[in-house]
Amino acid sequence: MEHAVRQMPERQAFYEKIDGENLSALWNVLGALITPEPKSACQPFLWRFDAIRQHMTEAGKLITAKEAERRVLILENPGLRGQSKVTTSLYAGIQAVLPGEVAPAHRHTQSALRFVLEGKGAHTAVDGERTMMSPGDFVITPAMTWHDHGNTSSEPMFWLDGLDIPVVQFLDASFAEGLDDEEQPITRPVGDSYARYGQNLLPVDIKRKSKTSPVFSYPYEHTRAALEQMKKSEAWDACHGLKLRYTNPVSGDYAMPTMGTFIQLLPKGFSTSRYRSTDATVYVPMEGKGRTRIGDKIFDWGPRDIFVVPSWHPVSHEAEDESVLFSFSDRPIQEKLDLFREDRGNA
Ligand code: GTQ
């Protein structure tokens, strides 16, 4: 599979001749197309939130959320510069909404997740319902739902955006539109989706076309309480500590069809065993501090820093304090296509 075929003048002339007819020889590229294991251009990297916050403060003086539509600094993977990608298949950015601002309503086929980093009292409106945002909350904007963001608090609000933009781009399936009004009409009270769908109860004849969870917000308070309770008796997983996935209560599947979202707790002093998987993953520590080895690189992290683990790179975490890590990847896609693989070493 990996051998290179020899170059010869007659072959070269042949390649040049067929090139003019939009043809090329597989035997020259086969080894690069079908690799024995993932060979990603995506690189391990960490962004410090404090540095991004500073740049964001400057951006806040340069452009309003209204003019920008979304005031976001894109986390560009150093191996994929200029492509607006954090991994080969996913997009990530840090969004800021300042007091009094509105990021106007629009909708698109790309799905978005928000993981709230800093600030309190801003909201995102999805499909006629406002969700208040607090640090650690995981909030969903399903594909093609109207969404706008507003901040009526006195503090700037920062969150991580994760979108499946590169997947939709790859499939050439992007549709988007704006709304004439800045904010969409509010038709349901705050907390409506959580009350209806987030209480282990569902309407008896529920039928949903959407594959996305009807729970738009997974408040950190509840997530953290689950981890705290499990911590008391759950056996720690050697590779993950205590790791949970956010789910869609209707299907039991991931909360979103294209992106898997996870929360994990690592106790103080815990070191995870080397692990690798085919889903390149973006991590955001919410609490604690520690370091993560990705391949031969080591990254120290604290709350709100963001780091990325490329596909099939060995990863191990070391928690200096009790730590909580949010993460997301394209795992739901890979599982549905029978492509997901993981390697737990001997653990
Ligand atoms: O909040 O709707 O980071 O449409 C990129 C594209 C955020 C959003 C992003 C978007 C949004």
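In what follows, the structure referred to is the one given above.
These notes cover the structure that comes with them.

Parameters and conventions
- Residues numbered from 1 in each chain as written.
- Predicted model: local features only at pLDDT ≥ 70, side-chain atom pairs only at ≥ 80, totals over all residues.
- Heavy atoms only, no water.
- Helix = DSSP H or I, 4+ residues; strand = E, 2+ residues; numbered from the N terminus.
- Rg over C-alpha atoms; globule rule 2.2 N^0.38 Å.
- Buried < 20%, exposed > 50% of the residue type's maximum accessible area, 1.4 Å probe, protein only.
- Contact = heavy atoms within 4.5 Å.
- Areas by Shrake-Rupley, 256 points an atom, 1.4 Å probe, with all protein chains shown as cover.
- Lys, Arg positive; Asp, Glu negative; His and termini not counted.
- Charge placed at Lys NZ, Arg CZ, Asp CG, Glu CD.
- Core = buried A, V, L, I, M, F, W, Y, C linked by side-chain atoms within 4.5 Å.
- Near = heavy atom within 4 Å.
- Polar contact = N/O pair within 3.5 Å; in protein donor to acceptor, adjacent residues only side chain to side chain.
- Nonpolar A, V, L, I, M, F, W, Y, C, P; charged D, E, K, R; others polar.
- Expected span 1.5 Å × (residues − 1).
- Arc of directions from axis to C-beta.
- Pairing = 2+ DSSP bridges.
- Axes fitted to C-alpha atoms, helices over the stretch in contact; angles between N-to-C directions.

Attention shifts here to the overall build of the protein chain. Tallying secondary structure elements over the protein chain gives 8 helices and 22 strands in all. Taken over the C-alpha trace, the protein chain has a radius of gyration of 22 Å; the compact-globule value for 347 residues is 20 Å, and the two agree within 12%. Its C-alpha atoms put the protein chain at 75 × 50 × 50 Å along the principal axes. Residue burial in the protein chain is summarised as follows: out of 347 residues, 46% are buried. Long-range pairs, those at least 24 residues apart, make up 74% of the contacts in the protein chain with a sequence separation of at least 6. Accessible surface computed for the protein chain: about 17,600 Å², of which carbon and sulfur atoms make up 52%. Positive and negative side-chain charges of the protein chain, numbering 39 and 47 respectively, have mean locations separated by a distance of 3 Å.

For the rest of this paragraph, the subject is the nonpolar core. Core analysis: the largest hydrophobic core is formed by 40 residues, its most contacted members being Leu 75, Ile 94, Phe 138, Leu 160, Ile 306, Phe 326 and Phe 328. Looking at this core, the element that brings in the most residues is helix α3 (residues 49–62), giving 4 residues. Ignoring any residue separated from it by four or fewer positions in sequence, one finds Ile 94 in contact with Phe 49, Ile 52, Met 56, Arg 71, Val 72, Leu 73, Leu 75, Leu 117, Trp 159, Leu 160 and Ile 306. Of all hydrophobic cores here, the second largest spans 15 residues; its members include Phe 270, Tyr 283, Trp 301 and Ala 319.

Now for the site of the ligand. Taken together, Arg 70, Val 72, Tyr 91, Gln 95, His 106, His 108, Arg 114, His 147, His 149, Asp 161 and Leu 163 make up the full set of residues adjacent to the ligand. His 149 is positioned such that a nitrogen or oxygen atom in its side chain is 2.8 Å from an oxygen atom of the ligand. Mapped onto the shell around the ligand, the elements with two or more residues apiece are β3 (91–97), β4 (102–108), β9 (147–151) and β10 (157–163). Grouping the amino acids of the shell around the ligand by side-chain chemistry returns 3 nonpolar, 5 polar and 3 charged.

Our next topic: unusual backbone geometry. Not every positive phi belongs to a glycine, and Asp 172 is a case in point at roughly 50°. Assignment of secondary structure puts Asp 172 in the loop between α5 (165–170) and β11 (176–178). With relative accessibility at 71%, the residue Asp 172 sits in the exposed group. The backbone of Arg 304 shows a phi angle near 75°, a positive value even though the residue is not glycine. Looking at the element boundaries, Arg 304 is found in the loop between β18 (297–301) and β19 (306–309).

This part takes up helix α7 (residues 220–231). For α7, spanning 12 residues, the distance from its first C-alpha to its last is 16 Å, which sits close to the expected 16 Å at 1.5 Å a residue. Where α7 is concerned, the buried positions are Tyr 220, Thr 223, Arg 224 and Leu 227. An end-on view of α7 places all buried positions within 95° of arc, on one side of the element. The elements touched by buried residues of α7 are β12 (217–218), β13 (242–245), β14 (260–266), β16 (281–287) and β21 (323–329).

One open sheet accounts for 6 strands, arranged β1-β19-β16-β21-β14-β13; its pairing is antiparallel. Edge positions in the sheet fall to β1 (45–47) and β13, since each has one partner strand and no second. Along the sheet, successive strands turn relative to each other by an average axial angle of 20°, direction set aside.

So, about the side chain of Thr 258. Position of Thr 258 among the secondary structure elements: in the loop between β13 and β14. On the basis of relative accessibility, which here comes to 16%, the residue Thr 258 falls in the buried class. At a separation of 2.7 Å, a polar atom in the side chain of Thr 258 contacts the side chain of Asp 164. The residues contacting Thr 258, other than those within four sequence positions of it, are Ser 111, Asp 164, Ser 329, Asp 330, Pro 332 and Ile 333.

Strand order in the open sheet made by the 6 strands is β2-β3-β10-β5-β8-β12, with antiparallel pairing throughout. This sheet does not close on itself; its edge strands, each paired only once, are β2 (72–74) and β12. Of the strand pairs in this sheet, strand β8 (residues 138–141) and β12 are connected by 2 bridges, and their pairing is antiparallel. The residue of β12 that forms the bridge with Val 139 is Ser 217. Those strands touched by α3 are β2, β3, β5 (112–118) and β10, and its axis lies near 55° from that of β3.

So, about the environment of Gly 128. Here Gly 128 is to be found in the loop between β6 (122–126) and β7 (129–133). For the pair formed by Gly 128 and Ser 89, sequence separation is 39 residues and the distance between their alpha carbons is 30 Å. Ignoring sequence-local partners within four residues, the contact set of Gly 128 consists of Gln 184, Pro 185, Ile 186, Thr 187 and Arg 188.

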